[in-house]
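Coordinate inspection notes
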Amino acid sequence: MSSLRQRTIRTTATVSGPLLHASGSGTVVFSPAPEDTGWVFIRSDLPGNPQIPCRPENVDVRHRWTTVRRGEASVSVVEHVLAACRGLEIDNLLISVDTDGIPMPDGGSAKPFVDALSGVGIICQAKPRNLLTIDRPVFVAGSRGDPMTEKIASSQSYIVALPGNGFEVIYVLEYPNT
């Protein structure tokens, strides 16, 4: 499925449902975005509809879920949407939400987002994709992405990215008190 050109969706898609870590429900509306936009969250419920580009400097990891934040605006539990976007190789997308969290109609997977996005069609754009190449080991530890130091053994969480041929993920999750 890999494309060398940037991709977005053909038309809008909507997913609604209960929030995962809060009471209430919400709706997310996905809209096509121009080339080089990236993934941008929009808080449609706040004055001025603040936009939060999905960039490393806007990521705030807490309580084992991911939040994007810019100024006072934030959206929590974005990892399910981002997994769907990455898996479908969507590069440019406007993601409008009417609350501070992403709805989870099935209780917490990426499937509702994959179904909605693939259901409206994914189109290639003219510009080439911006590909990230890992050319040296990258280590991040802790809850705020502090650079890894000798504390890796005592950190509660960490991630390691290594150079390689192709894309491969190895994931280990351990809960020490179970």
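Further up the page is the structure itself.
Residues numbered from 1 in each chain as written. Predicted model: local features only at pLDDT ≥ 70, side-chain atom pairs only at ≥ 80, totals over all residues. Heavy atoms only, no water.

**Remarks on the pattern of salt bridges**
If the charged atoms of two oppositely charged side chains come close together, the side chains can form a pair. Counted under the stated rule, the structure contains seven salt bridges. The partner of Glu57 in a salt bridge is Arg55, with the nearest N and O atoms 3.5 Å apart. Classification of Glu57 by relative accessible area gives exposed; the value is 58%. Where Asp115 meets Lys111, a salt bridge forms, and the shortest distance between an N and an O atom there is 2.7 Å. Taken together, the positions of Asp115 and Lys111, both in helix H2 (residues 111–120) and four residues apart, correspond to about one turn of that helix. On the basis of relative accessible area, Asp115 is assigned to the partly exposed category, the value being 40%. (Salt bridge = Lys/Arg side-chain N within 4 Å of Asp/Glu carboxyl O. Buried < 20%, exposed > 50% of the residue type's maximum accessible area, 1.4 Å probe, protein only. Helix = DSSP H or I, 4+ residues; strand = E, 2+ residues; numbered from the N terminus.)

**As for the packing of aromatic side chains**
Throughout the structure, instances matching the rule amount to one aromatic pair. Taking the centre distance of 6.2 Å and the plane angle of 75° together, the rings of Phe30 and Phe113 count as edge-to-face. Here the residue Phe30 occupies a position in strand E3 (residues 25–32), and Phe113 occupies one in helix H2, the gap between them amounting to 83 residues. Of the residues examined, Phe30 reaches a relative accessible area of 0% and is grouped as buried. For Phe113, a relative accessible area of 0% gives the class buried. (Phe/Tyr/Trp six-rings, centres within 6.5 Å; stacked < 30°, edge-to-face > 60°.)

**Considerations on the sheet that holds E3**
Strand order in this open sheet of five strands is E2-E3-E9-E4-E5, and the pairing throughout is mixed. What marks the edges here is a single partner per strand, and that holds for strand E2 (13–18) and strand E5 (51–53). In this sheet, adjacent strand axes meet at a mean angle of 20° when their direction is disregarded. This element, helix H1 (residues 79–87), spans E3, strand E4 (39–43) and strand E9 (93–97) of the sheet and lies at about 145° to E4. (Pairing = 2+ DSSP bridges. Axes fitted to C-alpha atoms, helices over the stretch in contact; angles between N-to-C directions. Contact = heavy atoms within 4.5 Å.)

**A closer look at unusual backbone geometry**
Trans peptide bonds make up the majority, and among non-glycine residues the majority have a negative phi. Backbone geometry places Asn49, a non-glycine residue, at a positive phi of 45°. Here Asn49 is to be found in the loop between E4 and E5. Since its relative accessible area comes to 38%, Asn49 is described here as partly exposed. Look at Glu89: it is not a glycine, yet its phi comes out positive at around 55°. Relative to the assigned elements, Glu89 resides in the loop between H1 and E9.

**Some points on a nonpolar patch on the surface**
On the surface, Phe139, Tyr158, Val160 and Leu162 cluster together into a nonpolar patch covering about 400 Å² of accessible area. Exposure remark for Phe139: the relative accessible area of 37% places this residue in the partly exposed category. (Patch = residues over 30% accessible without salt bridge, like charges linked within 9 Å, V, L, I, M, F, W, Y side chains within 5 Å. Areas by Shrake-Rupley, 256 points an atom, 1.4 Å probe, with all protein chains shown as cover.)

**What about the pairing of strand E8 (residues 73–76)?**
Along E8, one buried face is formed by Ala73 and Val75 and the opposite face, lined by Ser74 and Ser76, is buried too. Where strand E7 (residues 65–70) and E8 come together, four bridges link them in antiparallel fashion. Across the sheet, Arg70 pairs through a bridge with Ala73, a residue of E8.

**Points about the packing of H1 against H2**
H2 packs onto H1 with a crossing angle of 45° between their chain directions and a minimal axis gap of 8 Å. Accordingly, the angle class assigned to the pair H1 and H2 is oblique. Handedness of the H1/H2 crossing: right-handed. Judged by residue contacts, His80, Val81, Ala84 and Cys85 of H1 engage Phe113, Val114 and Leu117 from H2. Classifying every residue of the contact of H1 with H2 gives six nonpolar, one polar and no charged. (Parallel < 35°, antiparallel > 145°, perpendicular 65-115°, else oblique. Left-handed = near helix turned anticlockwise from the far one by under 90°. Nonpolar A, V, L, I, M, F, W, Y, C, P; charged D, E, K, R; others polar.)

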